[in-house]
Amino acid sequence: MGPAILFCPGDRPERYAKAASRADAVIIDLEDAVAQDNKDAARRALRESDLDPDRTIVRVNPVDTEHFAHDLDALKSTRYTTVMLPKAQSAAEPAQLADYAVVALCETAAGVANAAQIAAAPNVLALMWGAEDLIASLGGTSSRHDDGGYRQVASFARSQVLIHASAQGKAAIDSVYLDIPDTQGLFLEAQDAKASGFAAKASIHPSQMQIIRQAYAPTPAEVALAERILTEAKTHPGVFSLDGKMVDEPLLRQARATLASAARLG
């Protein structure tokens, strides 16, 4: 799966195919994107949909809501096998989705605090974090400063989710960028997500797909440097110097990751 993931409202089935054509993976959203009165319509649309199961994630409603059981009933009549679980707070919640691979969304104080045990759940495929719900759970009013950067508490939560996912060998997905016209801000944040180790970045608009892919794709200079590092390593069995900088195993792993990413993203 590629790095550009797109949310699509579950009650807008006319958008499903377009979303699938633009994104590396689509999240059919039965939760926040769907008004209470439209939940049943969204589930009907889900049942009638036929997207590629390997590139489709279904975000159900939280386990403590009346909608959760109805969402699962609808899901059982589809071919989809990956579920996004919002407001995950402990490993007990993914256990209620034992038949599915779970993307656990850590977007509350409890979810971030328990990210390690959530990531360790056997059927958890990946962790994602959510800034706005997290801040609301803390009693705050905004996740970002006026310049667009995250507040310290949001940055801490972002790092926690990434580290605990990686510690369990699971993927981490970066949160959405809500300011759709700010393409430069999205590009820089997606670049940071890639450089930090996030496997993908979620998004809310089709126009953000290509920007995320561009941010995740290694530049020609990065590819050239990675190739030089690995070429030099063939004649240096240990630590060596390249352009005045020390190269050791961590940098070799980064170089291999750069070339793998370049091959994957074409």
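Note that the structure is a prediction, hence the values are computed from the model and not measured.

**Remarks on the side chain of Asn61**
And then number 1: Tracing the backbone shows Asn61 in the loop between strand 3 (56-59) and helix 3 (67-76).
And then number 2: By relative accessible area, Asn61 is classed as buried at 4%.
And then number 3: A distance of 3.1 Å separates a polar side-chain atom of Asn61 from the backbone oxygen of Leu30.
And then number 4: Within the structure, the side chain of Asn61 is placed 2.8 Å from the side chain of Asp71, a separation counted as a polar contact.

**Details of the UniProt feature "binding site: Mg(2+)" (unreviewed entry) in the protein chain**
And then number 1: Here the UniProt-annotated "binding site: Mg(2+)" (unreviewed entry) positions come out as Glu107 and Asp133. The greatest C-alpha distance among the residues just named is 5.5 Å, despite their covering 27 residues of sequence, which places them together in space. Among the annotated residues just listed, those that line the second largest pocket are Glu107 and Asp133.
And then number 2: Mapped onto the secondary structure, Glu107 falls in the loop between strand 5 (101-106) and helix 4 (109-113).
And then number 3: Overall, Glu107 belongs to the buried group, its relative accessible area being 3%.
And then number 4: Filtering out sequence-adjacent residues up to four positions away, Glu107 remains in contact with Pro86, Lys87, Gly130, Asp133 and Leu134.
And then number 5: Relative to the helices and strands, Asp133 resides in helix 6 (residues 131-138).
And then number 6: Setting aside residues no more than four positions away along its own chain, Asp133 makes contact with Asp32, Lys87 and Glu107.

**Some words on the layout of surface pockets**
And then number 1: Here the largest pocket is characterised by a volume of approximately 1100 Å³.
And then number 2: No other element matches helix 11 (residues 249-265), which puts eight residues into the lining of the largest pocket.
And then number 3: Residue composition of the lining of the largest pocket, grouped by class: 23 nonpolar, eight polar and six charged.
And then number 4: No fewer than three residues from each of domain 1 (5-216) and domain 2 (220-265) sit in the lining of the largest pocket.
And then number 5: The computed volume of the second largest pocket comes to approximately 500 Å³.
And then number 6: Forming the walls of the second largest pocket are 26 residues, and the residues nearest its centre are Phe7, Asp29, Arg59, Val176 and Ile204.
And then number 7: Within the residue set of the lining of the second largest pocket, elements represented by two or more residues are strand 1 (4-9), helix 1 (16-22), strand 6 (124-129) and helix 6.
And then number 8: Its residues assigned to classes, the lining of the second largest pocket shows 15 nonpolar, two polar and nine charged.

**What about the packing of helix 8 (residues 183-196) against helix 9 (residues 208-216)?**
And then number 1: Running from amino to carboxyl end, helix 8 crosses helix 9 at an angle of 40 degrees, the nearest separation of the two axes being 8 Å. In terms of their interaxial angle, helix 8 and helix 9 are classed as oblique. Read as a crossing pair, helix 8 and helix 9 show a hand that is right-handed. Contacts between helix 8 and helix 9 involve Thr183, Leu186, Phe187, Ala190, Gln191, Ala193 and Lys194 from the first element and Gln208, Ile211, Ile212, Gln214, Ala215 and Tyr216 from the second.

**Section: the UniProt feature "binding site: substrate" (unreviewed entry) in the protein chain**
And then number 1: In the numbering used here, UniProt assigns the "binding site: substrate" (unreviewed entry) feature to Arg59 and Glu107. Annotated residues spanning 49 residues; largest pairwise C-alpha distance 13.7 Å, indicating a single compact cluster. Of the annotated set named above, Arg59 and Glu107 line the second largest pocket.
And then number 2: Here Arg59 lies in strand 3.
And then number 3: Its relative accessible area of 7% is what places Arg59 among the buried residues.
And then number 4: Setting aside residues up to four positions removed in sequence, Arg59 forms contacts with Phe7, Ile27, Ile28, Asp29, Leu30, Glu31, Asp32, Met84, Pro86 and Leu105.
And then number 5: At 2.9 Å, the side chain of Glu107 and the backbone nitrogen of Lys87 are in polar contact.

Thresholds, definitions, all that
Residues numbered from 1 in each chain as written. Predicted model: local features only at pLDDT ≥ 70, side-chain atom pairs only at ≥ 80, totals over all residues. Heavy atoms only, no water. Helix = DSSP H or I, 4+ residues; strand = E, 2+ residues; numbered from the N terminus. Buried < 20%, exposed > 50% of the residue type's maximum accessible area, 1.4 Å probe, protein only. Polar contact = N/O pair within 3.5 Å; in protein donor to acceptor, adjacent residues only side chain to side chain. UniProt positions renumbered as here; feature names shortened; annotations may be inferred. 1 Å grid on protein atoms, 1.4 Å probe; cavity = no way out; pocket = protein on both sides within 12 Å on 5 of 7 lines; lining within 4 Å. Contact = heavy atoms within 4.5 Å. Points joined across faces, edges and corners; volume = space filled by probe spheres on them. Nonpolar A, V, L, I, M, F, W, Y, C, P; charged D, E, K, R; others polar. Domains from an automatic or database assignment. Axes fitted to C-alpha atoms, helices over the stretch in contact; angles between N-to-C directions. Parallel < 35°, antiparallel > 145°, perpendicular 65-115°, else oblique. Left-handed = near helix turned anticlockwise from the far one by under 90°.

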